[in-house]
Structure formats: C-alpha cells, structure tokens
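Chain by chain, the residues run as shown.
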Amino acid sequence: MRKIYLVVAGILLTCATTFGQNNFIKNSRVTGNFQFDGQYYIPNEAIGADTVKEKVRANAFANINYTYEGFSAGFRYEFYKYPLIDFEKINYVGHGIPYYYASYNHQYFSITLGSFYEQFGNGLIYRSYENRNLGYDNATKGVRVIGKPYKGITLTGIWGTQRNLFEDQGQIRGGDLDLSFTEMFDKIGNSMFRAGVGASFISKYERDNSTEYHLPENVAAYAVRLNFGVQDFNLNAEWAGKVNDPSTQNSMIYKNGHALLINASYAMKGLGIYLTALRTDNMDFRTKRTAVSNNNLINFIPTLTREHTYALPSMYPYASQPLGQIGFQAQVNYQIPKKTKIGGKYGTDISINYSRIHGIKQHLVAEAIEAGNDMSGTDGYTSPFFGFGELYFQDFNIEISRKFTKSWKLALSYVFLTYNQSVIEGHTGEPEVQSHTVIADLTYKINNKHALRLELQHMYAKKEANEGSNANKGSWAYGQLEYSIAPHWFISVLDRWNYGNPDPKKRIHYYAVSGSFVYKTTKVSLTFGKQYEGILCVGGVCRTVPASYGLGMNIVTSF
Amino acid sequence: MKKNVLSILLCVICCIAFGQEKLGNRLMPLPSVDIKTLGGSSINTKDLQNEGKPFIICFFATWCKPCMTELKNISDEYEDWQDETGVKIYAVSIDDSRSSGKVAPLVKGQGWDFEFLLDENSDFKRAMNVNDIPHTFVVDGEGNIVWQHASYAPGVEQEYINVVRNILSNSSQSKTE
C-alpha cells in the first residue's frame, strides 16, 4: 500500500513542480471509468436460490488514469467486500487498490512500473489479463520494459509477481522478441507477402517445501511462433513447451508439457474461410503448484470452439483443458451477393462452423503402472501426437441472415452440440449431453429510432436415465422481446422455460424484465427476474453462476 | 491505510477539478498504444487518421451480437456516408487469441470495407476506458475524441454521422471566418 502512496505522491510532485508551465496543464488528461453491479436477493427454493443474509450485495470498481504526453499513471479501486454471490463463490472478496501503475512511452522504448497486462504471442506461455464480469484478473505487478530499436523489432522483458484474487503471489520473469519482416524490409512490405517470427521465454519460481517429492523450484516455458501471408491467405502457428512442473492439477507428474496452435485463413470480399487446430499436453501453468480452478494461471490456452451469443446454446460452453486436448475448428462465411435473385437487395449471409475436441491418448509409464496406476512422482504417461482420446466437445452450427427490406431482418440458426459434462465440468460420471437448438431472430425497425426485436429459441436435449442427476435439464424454450428507442432506451422481457426437465417440479419459467437508459457513455440498467444456475465463459475460461432471484442494478460510465 | 487511500483520491479529484475549471471543454487526444493490423503489423493508435477529416472508432468482437449488428447497419450506409463526408471507420476487435484469427475471414466474408484493427489484450480498450462493447467514438480530423457512445440500438448510427457532419460544418465555418 505504501508503494501506491509513493507512486501517486510522485505524480503529484511532478504535478506541483510543473504547475506553472502552461503546456503541462494543457496537455494533462484525467480519464477513467466506473462500474457498479448490485443485486437484491429474494430466496427461491424451486430454482435453488439460497437465502442471502445481507439481502443486498454489490460489486464496484473505478479506474482513474492520468496522462501527460508520453507519461501515464493510474489505479483501480475495487470494492468487492460484500460482492455478488457469484463472486463470493470464487472467493473474489476484498477491497482496495490492487492495480496501480506508472509508465513512460517513447518512440524507441516504454517502461511500466506497477501492474500491467501483457501477452506473449497467443498467450500459450504467458498472458496477464482481466475480465471483470468473470472475476478474473491475473495482472503482473512489477516491471516491464519494451524496446523498439528499429521498425518491426520489439523486445519485451517482464519481471514481477502475480495478482491472484486480492493477493500478490508467485514470481515470474521472462522476455519476448518479435520480428516483423513486413515492417523491417520494405521489399517485403511492398510485396504481396507478409512474414514475421517471434520467440518467448517465461520462468516461474516457487520454493520446494515438500518432504515427499524433490520439486523443481524454477520452471521454464518457451514458445516460438511464425506468421506468413500471401495476399488474402494467412497462416499463423505457435509451438510452446514447458519443463517438468509437478502440480496438483497434473497429479504431480514430472512430464514436460507441449502446446501447438495453428490458424489458417483465407479471406476475400464475400468469402472467408478459417481453419484452426490445437493440441495441448500437460500445459497447465500456474505460479502455485497447489492452485486449482482459475487461480494463479500464468498462461492462456484458448478454446477452439465458437463462442455462442444466444442464450440456449451458450448453456453448454466448452472450457479449455490445458492438461490434454486435441481438436480443430473450421468456419466458412459467405455472402450471397447483393442485388441478385437469391441474395436479395441487401445480400444474404451464411456462416457454417464446426468444431470437435478430444482428449489426448495417454499410456501410463511402467513406473506408474507398477505403483498401481498411480502417476504421481513419475513421468506420468506418454502420448502419441495424433492420438485422439475420448470426445470432449462437438459443435456444428449454421446461421443464415438476411435483410428483406429497410425494416425487416431475419436470422435463422441451427446448433448441434455434444457436451462431455464429466470432463468439462469435472463432474465424474455425468452423462454426455446432446442438444439440437433452432433459433429465429427477427428485427423490425419501426422508424429511424424505434426498433423491435424478437428472439425465439428451442433446444431439444437428449434425456439420460441418470436419476437424481442435476446435470441434464432436458429441453428448453426461450422467447425474448426487446424494444429500443435510439439512442437512450432499451426495454426487454424474456422467458427461459425448462419445460422438458425430467423432474416435473423443475419445469420452471426463468423470466426477466429489464430496462436500461443510456446517455453517451453512461448506462443504467434494472433487471428483475430469475437467473438459472449455469456457467459463464469468456475465452474458454469459465465460472459457475449460481441461481438467483431478485432485482439487479447495473451502472456503467466512463469519462 | 484508509487515510492514505482517501487522501490520494482527494488529490486526484482536486487535480481533475483543477484541470477542468482551468480549461473548460478541452479535447481529448487519442492515447498512444501499440495494436495490430489484420496483416500483423503494429500500429500506434496515436497515428490513426483520415487525412484531416473526422473518423469513427467502433470497438467490437466477433462474439458480440450487438457489435456485429452495429457494423452491419453502418456498412449498409457506409458508401453514402463516405460520399457525403469522407468519413472513415476504424473497427477495433478485442477478440483474444481464441478468435482473433477469425476476424479477417469473418469481416471480409461480410464484405465490410472498414479499417480493421486487432486489440488482442485489450490495451487500447483500457486506454479508452471502455467498460463494455459495443462502444463507439467520433474523432475529429486532428485526432481528438469529440463524442462517444456506449451500447448499440438500431438507429444510433445516425447520431454518429450527425456528429461528423457537425464537425465538418464547424470547421468549414471557422475557415471562412
């Protein structure tokens, strides 16, 4: 805390000494934002919403940033002392100033002291980032130096500790070199080719306090990447490795870890094709060996599945499995041209997407078999590179959207999902969920300012005979009507009805009524209704959302 | 401890108040952050420009439905807007490595003609104090933010182009004076 005081005192001192200079005041800027999420909880036994003793709970935070030419500094105050029950569940409880920084940017270099968010390559070995709705923030706190000695060359070095919930834990240090040949050599820059390479290194330190094992105290991870493009074609690949790192997550094995991510795309006007493949093996990388769930993560292993925005298909999202997964995704976007017979006046958009993810095949090493199939303390397993294990997730979806006239627009979707609940949610023995969803999304623009949107969804989910299981909720129907008056007002009513639940008592209507008012950058929303117990995922990082019932209020503003 | 925090907050508020009283309605220049183009080259956000004419910055993500609706609706009118005002649209994707590779095939598949940029670790988003997307900024010809709006409802895009028209008519007025 004293450090913050020093940082801010420094800024103010600089303020005071240069106050007289007209230029200083003229070029100084203070900006920021603020968010408040509060909820009044009403217990409801039917949906599983428990009594909340305080009745009212809320999250709040504010960012304040100051900039003066190349210099900037700022902090975030977070008040999560009595947070929403979702955040209490993941222990995101506390208050204070966990995030503060001062930084100087120059054409050739930049230095940051304090908290920062950074990512090397795709993040396979290092990514510090925040997602406030998820309650996720693993900002690195320490020093970051970026050098840009020549166009196209970027060198980054970081050293610091990691934020986990409201504490600073662990020790990480590393560097990254990025070379963009497109920018370095005009010959390439002016041609139809694009090329670049990069390499990164990260090491973490954690003391070995174990009496049972001899644990590595310094664990290194490294990655190399390349990107290559010719006209409308692009290829991007990254390979990462990690040395032995026994942890609770990987059952204390000494095996090295690997990850490979490949993206390829082709895009031209009216047509886009995207292919991506990922294989990860023992790549769970954390500052603490005993950490589980979303705590202490150093790296980010993305998921290769489509992030659904409609309510029903997003009930079964895939959560990335850094310990072992292999899969791919393919997507085609095509626009039937405007002003044609089939395409209509405004054109018709078609998007087809398929993803499939499996576990990796594992063969236990002899030592582990001798120990009665106990991997701990051994090299664990061997895994053939192309060995596909059990199916974790599969998603086929197609969306067709078309604007018929200036006023009418319709989008139709179909989604087929296979969801391995026992792996993705860690509930061993739960059945696989298979679901078919159809969605119609109709917009009617009444005039320049008023618009109505109707969304109808139906999900047919296969029932399993697993008695008493909470996992499979059967079929759902969903309807939502939204009325907007640009630029200030939104009103929406929705009902999500679990009419196909095997348990007749759980055939519940999860309704919600909400309204919001927007003025420039300020938005105030009120919602009354029932929240079903589910999972919220962003970028493949997920948390559970407990059931709740009551009145919610959300205020967001920036300045 | 609490006292420290409180005094810091007070000082900062004083600073803001002081600055604003002194200078009234000053313009906010674009922050300086390195992000990427679709081709993978880096670009500093301070260098975003439209040859002295106003431009619009839309923050979006491929997984954000209202964002895609916004871009689609702007795209339907973009040609008319450009003919009338010469405005340019920068669409900044905050997709992370999960979906940033999808941006190029998706937006080109849609036939959108905007300038697309990738803000993979949300550095530009943070520097612009954006809480949620969609969030749209109108920037004048000198690179100052003059107007912004959070969220999207069909029809709001008319406000964007009206702000651009205002900037243009104000600047032509001041030129004739």
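As a reminder, the structure under discussion sits directly above these lines.
> Mind showing me how you'd approach the overall build of chain A here?
When helices and strands are counted, chain A shows seven helices and 30 strands. Relative to its length of 559 residues, chain A is compact, with a C-alpha radius of gyration of 26 Å against a globular reference of 24 Å. The C-alpha extent of chain A, read off along each of the three principal axes, is 75 × 60 × 60 Å. Across the 559 residues of chain A, 40% fall into the buried class. Within chain A, residue pairs in contact and separated by at least 24 positions form 56% of the contacts whose partners lie at least 6 positions apart.

> Help me out: how do you make sense of the nonpolar core in this one?
The nonpolar side chains of a soluble globular protein tend to be buried, and buried together. Ile56, Cys58, Phe60, Ala91, Val92, Ile133 and Val138 of chain B are the most contacted members of the largest nonpolar core, which has 44 residues in total. At the level of secondary structure, the elements contributing two or more residues to this core comprise strand S4 (55-60), helix H2 (65-85), strand S5 (88-93), helix H3 (100-109), strand S6 (115-118), helix H4 (123-127), strand S7 (135-139) and helix H5 (157-176) of chain B. The biggest single contributor to this core is S4 of chain B, with six residues. Setting aside chain neighbours within four positions, we find valine 138 of chain B in contact with Pro54, Ile56, Val146, Trp147, Tyr160, Val163 and Val164 of chain B. In this structure, Ala221, Ile301, Ala311 and Tyr478 of chain A belong to the second largest nonpolar core, which totals 39 residues.

> I'm lost on H2 of chain B in this one. Help?
Residue and element names in this part refer to chain B. Its 21 residues place the ends of H2 28 Å apart at the C-alpha level, agreeing with the 30 Å of an ideal helix rising 1.5 Å per residue. Considering bend angle alone, the principal kink of H2 is centred on glutamate 77 and spans about 50 degrees. For H2, every residue scored as buried is listed here: Cys67, Met68, Thr69, Glu70, Leu71, Asn73 and Ile74. Among the residues trailing H2, glycine 86 stands out with phi positive, at a value near 75 degrees.

> Can you help me understand the sheet that holds S4 of chain B in this one?
As a general point, the strands of a sheet are linked pairwise by backbone hydrogen bonds and lie either parallel or antiparallel. All names here are of chain B. Strand order in the open sheet formed by eight strands is S1-S8-S7-S4-S5-S6-S2-S3, and the pairing between neighbours is mixed. Only two strands of the sheet have a single neighbouring strand rather than two, namely strand S1 (28-29) and strand S3 (42-44). As paired strands, S5 and S6 are joined by four bridges and run parallel to one another. The residue of S6 that forms the bridge with alanine 91 is phenylalanine 116. Those strands touched by H2 are S4 and S5, and its axis lies near 150 degrees from that of S4. Against the sheet, H3 engages S5 and S6, with an angle of about 170 degrees to S6.

> Please explain the pairing of strand S25 (residues 489-497) of chain A as it appears in this structure.
The side chains of a regular strand alternate, residue by residue, between the two faces of the sheet. All names here are of chain A. Pairing geometry for strand S24 (residues 476-485) and S25, over nine bridges, is antiparallel. Among the inter-strand pairings, tyrosine 478 is bridged to a residue of S25, identified as arginine 496. Taken together, S24 and the strand that follows it, S25, pair antiparallel across an intervening segment of three residues. Across nine bridges, S25 lies against strand S26 (residues 509-519) in antiparallel orientation. When the bridges of S26 are listed, phenylalanine 490 appears paired with serine 516.

> Mind showing me how you'd approach the interface of chain A and chain B here?
You'll often see interface size given as the accessible area lost when the parts meet. Contact residues are listed per partner, giving 73 residues for chain A and 51 residues for chain B. Split into classes, the residues belonging to the side of chain A that touches chain B amount to 26 nonpolar, 35 polar and 12 charged.

> How do you make sense of the environment of glutamine 162 of chain A when you look at a structure like this?
All names here are of chain A. Topologically, glutamine 162 is positioned in strand S9 (residues 153-164). Given 24 C-beta atoms within a 10 Å radius, glutamine 162 is considered buried. Between the C-alpha atoms of glutamine 162 and phenylalanine 24, which are 138 residues apart in sequence, the distance is 34 Å.

Thresholds, definitions, all that
Residues numbered from 1 in each chain as written. Chains lettered and ligands numbered in written order. Predicted model: local features only at pLDDT ≥ 70, side-chain atom pairs only at ≥ 80, totals over all residues. Helix = DSSP H or I, 4+ residues; strand = E, 2+ residues; numbered from the N terminus. Rg over C-alpha atoms; globule rule 2.2 N^0.38 Å. Buried ≥ 20, exposed ≤ 12 C-beta atoms within 10 Å, placed from the backbone. Contact = placed C-beta atoms within 7 Å. Core = buried A, V, L, I, M, F, W, Y, C linked by C-beta atoms within 7 Å. Expected span 1.5 Å × (residues − 1). Bend = angle between axes of the 7 residues up to and from the residue. Pairing = 2+ DSSP bridges. Axes fitted to C-alpha atoms, helices over the stretch in contact; angles between N-to-C directions. Nonpolar A, V, L, I, M, F, W, Y, C, P; charged D, E, K, R; others polar.

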